[in-house]
Number of protein chains: 2
Amino acid sequence: MKENLPHVVIVGSGFGGLHAARVLAGKGVRVTMIDKRNYHLFQPLLYQVATAGISPHEIAYPVRAIFQQQKNFEFVMARVWGVDFARQVVLTESGEVPYDYLILAAGASVNFFGNPSLEQNALPLKDVSDAVTVRNHVLRMFEQAAHEMDGRKRQALLTFAVVGGGPTGVETAGALSELIRLVLRKDYRKINVENVRVLLLEAAPFILGGFPPALQAAARRSLEEKKVEVRVEAKVSNYDGEKLMLESGEVIPTRTVLWSAGVRAASLMNTLGLEQDRIGRVRVLPTLQLPNIPQVFVVGDAAYLEENGKPLPMVAQVAMQQGRHAAQNILAALAKQPLQPFRYHDLGSMATIGRNAAVAVTFGLQFRGFLAWFVWLVVHLIGLIGFRNRLIVLINWAWDYFFYDRAVRLITRE
Amino acid sequence: MKENLPHVVIVGSGFGGLHAARVLAGKGVRVTMIDKRNYHLFQPLLYQVATAGISPHEIAYPVRAIFQQQKNFEFVMARVWGVDFARQVVLTESGEVPYDYLILAAGASVNFFGNPSLEQNALPLKDVSDAVTVRNHVLRMFEQAAHEMDGRKRQALLTFAVVGGGPTGVETAGALSELIRLVLRKDYRKINVENVRVLLLEAAPFILGGFPPALQAAARRSLEEKKVEVRVEAKVSNYDGEKLMLESGEVIPTRTVLWSAGVRAASLMNTLGLEQDRIGRVRVLPTLQLPNIPQVFVVGDAAYLEENGKPLPMVAQVAMQQGRHAAQNILAALAKQPLQPFRYHDLGSMATIGRNAAVAVTFGLQFRGFLAWFVWLVVHLIGLIGFRNRLIVLINWAWDYFFYDRAVRLITRE
């Protein structure tokens, strides 16, 4: 790697950082990616790790392996503390990394909206260790219920509340209900699966906000067919680990609250002294640059940019497109070309509910049922990195589909 | 399950407990297996989890899934504190479990021979979490070495000592050296792989004690071809996390000591007030019963039994055969038939060193090289539980073999 080439530093190995680095392959720059994890995580399938369907390594791919062939690429595994914009250095736990251009693709973290009882007792679903914790916890509830004599305690062990009716909440609730009703019922013959409750709680009057109303209704029917109790206009106020309180005053005794009701920009963004929105995102120019700091770009969940008067959503598609766009703008700047404003190309949205059931909207067309589910499968298989991972996930999905099984019903030490 | 049938309790879901429970399928008894883990672990491939080749769930299979079809079987996930032989109950963290017959198949734990510096700083390799810890640790050493400027510190990061020249130590050292020289060299282009040292330290004058001398020599040559430094008559005395001291006075600066130099019977055996050998095993009669307590059988690594004046080895084959034998003796006792003494059928031993290299001895015949390696592959694939696991491990092995890759190079939170 030539030392005198311009140095582009990318913070974050998520979708935004990954796609930025790929655009810079073979170009006249040095690239250094920094992340506290040594892998890229395919977040859209994280809920399947949590529900014992696939193993973490099938959706987590080592960054160094992804970029093995990219000669101008280096990786530093380190936590990032902050950025000194004046001196143009990134501050990490293993020293300072100077940059000529910087792409901040730090992503998002879970947002409990300042509710300490939820932060302490509800289970988030944001990274690999969260997903393994959820899997262990759900299976442990069944192990305890299998020899719990007290009926009320057993019912609390067998009540699972998923909070948040966005795609992650919908997919988690559907997969959890299928895990219980199709697989665990065979493992725990003493437990009457009819007594197991899976609730999906959403504060708004509808689930899958942003989807067309017809698909919202279809998703709700699919969930209810899979025995998920869907509750809209249900606002959660407190959870002490045993009782989930709603703002209506209702109390739901449960030992499990899965939290997928909110995200906010990664905490790194709070350290930069920049203008942020209420969930921590940093305002960027249409070129994705920081106002007044033209060497620094912010992309993905950590960036706030409006289009047609509305903020862009915090989804993988935006992060990927912005990552590529920021890298292209850096190449343009190096070539003394004008920088281009970012335009989002919305390829559509989809959410799967379970076997043969999904909803999707793309190019103005709406899909539901088996067809949407099949499209969902193909899109997510292609999104995985590495032929081996695709093959093994496909084998796992086919096996579960035909044999009503789940491979990873393990309770591991955390 | 009929409540009035005799109740056989099995403590432990390892090879001994598993094979005992299978013999009791469909017989006129109730069976309850108790283990603190909810899975059966195929220990012989644990070193491949530690060296990033396979994922934990491929060698860990849920106990409830194994026995889903066995109607007279129940599972209790709980830690066992002890046994009250007078009252015939097993004492667990979730209550007492009464038994008519008891099979103790508690297995073994790591033995640091009372050396606190090793216990604190060396990494054992006995269960799934140990293996994941080793994998994370080895990869973290490379991440740190990639930006360590101090030459001596870098060399300590890149020196890996495996202590113990039995099959586990040999297999771990061989797999670790191949991971580094075939895979990680591509991930860490800045690290000169010629500087990486993998040492195998054995206190005896030879590795693979118990194997014929010709195979010991062949294994040593194979290891040395794979750049493992084999050191015999090397007794470890102290390790502070940075410097490994040998009894000879030699000091090896290293940040990694993997400990596979000794095992002892599980600590449960110390609570029973029974006669034990120096590594905690409980003496049993040839029928595998405890002397004077005919309802209680001990099998596998926790049992001490001599044959032809020599103690039986602590290996999977003995545990499986004893598990089956104890179950058959219980059925004989219930049928008022005489109990049979246990006879070990030694099917042979094998150890793999790496690609195309293994040693095996069976029925008086010795194998080495590609043939032994191929036999090793087939035997271990068959030993795995579940067609899906066999298929996925086979795909992983084939992939690694042809592409010099390892699937699971992840550093995960522990």
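Reading the values: rules and limits
Residues numbered from 1 in each chain as written. Chains lettered and ligands numbered in written order. Predicted model: local features only at pLDDT ≥ 70, side-chain atom pairs only at ≥ 80, totals over all residues. Heavy atoms only, no water. Helix = DSSP H or I, 4+ residues; strand = E, 2+ residues; numbered from the N terminus. Expected span 1.5 Å × (residues − 1). Bend = angle between axes of the 7 residues up to and from the residue. Buried < 20%, exposed > 50% of the residue type's maximum accessible area, 1.4 Å probe, protein only. Least-squares fit on C-alpha atoms with pLDDT ≥ 70 in both. Domains from an automatic or database assignment. Contact = heavy atoms within 4.5 Å. Buried area = accessible area lost by both parts, 1.4 Å probe. Salt bridge = Lys/Arg side-chain N within 4 Å of Asp/Glu carboxyl O. Polar contact = N/O pair within 3.5 Å; in protein donor to acceptor, adjacent residues only side chain to side chain. Patch = residues over 30% accessible without salt bridge, like charges linked within 9 Å, V, L, I, M, F, W, Y side chains within 5 Å. Areas by Shrake-Rupley, 256 points an atom, 1.4 Å probe, with all protein chains shown as cover. Pairing = 2+ DSSP bridges. Axes fitted to C-alpha atoms, helices over the stretch in contact; angles between N-to-C directions. Nonpolar A, V, L, I, M, F, W, Y, C, P; charged D, E, K, R; others polar.

Residue and element names in this part refer to chain A. With 21 residues, helix H8 (residues 167–187) should cover 30 Å at 1.5 Å per step; its first-to-last C-alpha distance of 29 Å lies within 8% of that length. Of all the bends found along H8, the most pronounced is centred on isoleucine 180 and spans about 35 degrees. Among the 21 residues that make up H8, 16 are buried, leaving the element largely enclosed by the rest of the structure.

Each copy superposes on the other: chain B lies on chain A with an RMSD of 0.0 Å after a rotation of 180 degrees and an axial shift of 0.0 Å. Viewed as a symmetry operation, the transformation between the two copies matches a two-fold axis.

So, about the domain arrangement of chain A. Residue and element names in this part refer to chain A. Segmenting chain A into domains produces domain 1 (7–110 + 263–334) and domain 2 (116–261). The straight-line distance from the C-alpha centre of domain 1 to that of domain 2 is 32 Å. At the interface, 16 residues of domain 1 touch 15 residues of domain 2. Across the interface of domain 1 and domain 2, roughly 1,400 Å² is buried in total on both sides, 73% from carbon and sulfur atoms. Remark: the boundary between domain 1 and domain 2 carries zero salt bridges. Put simply, domain 1 and domain 2 have zero residue pairs in polar contact (both at pLDDT 80 or more) between them. Elements represented by at least two residues in the side of domain 1 that touches domain 2 include exactly strand S3 (39–41), helix H2 (46–50) and strand S10 (108–110).

Moving on to a nonpolar patch on the surface. There is a patch of nonpolar side chains on the surface, built from Phe370, Phe374, Val378 and Ile382 of chain A and spanning about 400 Å² of accessible area. On the secondary structure map, phenylalanine 374 of chain A appears in helix H11 (residues 369–383).

As a general point, the strands of a sheet are linked pairwise by backbone hydrogen bonds and lie either parallel or antiparallel. Residue and element names in this part refer to chain B. Judged by pairing direction, the sheet is parallel, and its five strands sit side by side in the order S11-S18-S12-S13-S14 without closing on themselves. Two strands close off the open sheet at either side, each with one partner strand: strand S11 (123–124) and strand S14 (228–231). Taken together, the five bridges between strand S12 (residues 159–163) and strand S13 (residues 197–201) define a ladder with parallel strand orientation. Each residue of the ladder has a partner; that of valine 162, found in S13, is leucine 200. Sheet strands touched by helix H8 (residues 213–225): S13 and S14. Its angle to S14, the strand with the most contacts, is close to 140 degrees.

For interface size, the figure often reported is the accessible area lost on association. At the interface, 50 residues of chain B touch 50 residues of chain A. Across the chain B to chain A interface the summed buried area is about 4,300 Å²; carbon plus sulfur atoms make up 53%. Taken together, the links from chain B to chain A amount to eight salt bridges. Among the salt bridges present, the one from glutamate 74 of chain B reaches lysine 190 of chain A, with a minimum N-O distance of 3.0 Å. In this assembly, chain B and chain A are joined by 25 residue pairs in polar contact (both at pLDDT 80 or more). If you list the elements that add at least two residues to the side of chain B that touches chain A, you get strand S4 (60–62), helix H3 (63–66), strand S5 (73–77), helix H5 (128–146), helix H7 (167–187) and helix H11 (387–403) of chain B. Top contributing element to the side of chain B that touches chain A by residue count: H11 of chain B, with eight residues. Here the side of chain B that touches chain A is built from residues that sort into 23 nonpolar, nine polar and 18 charged.

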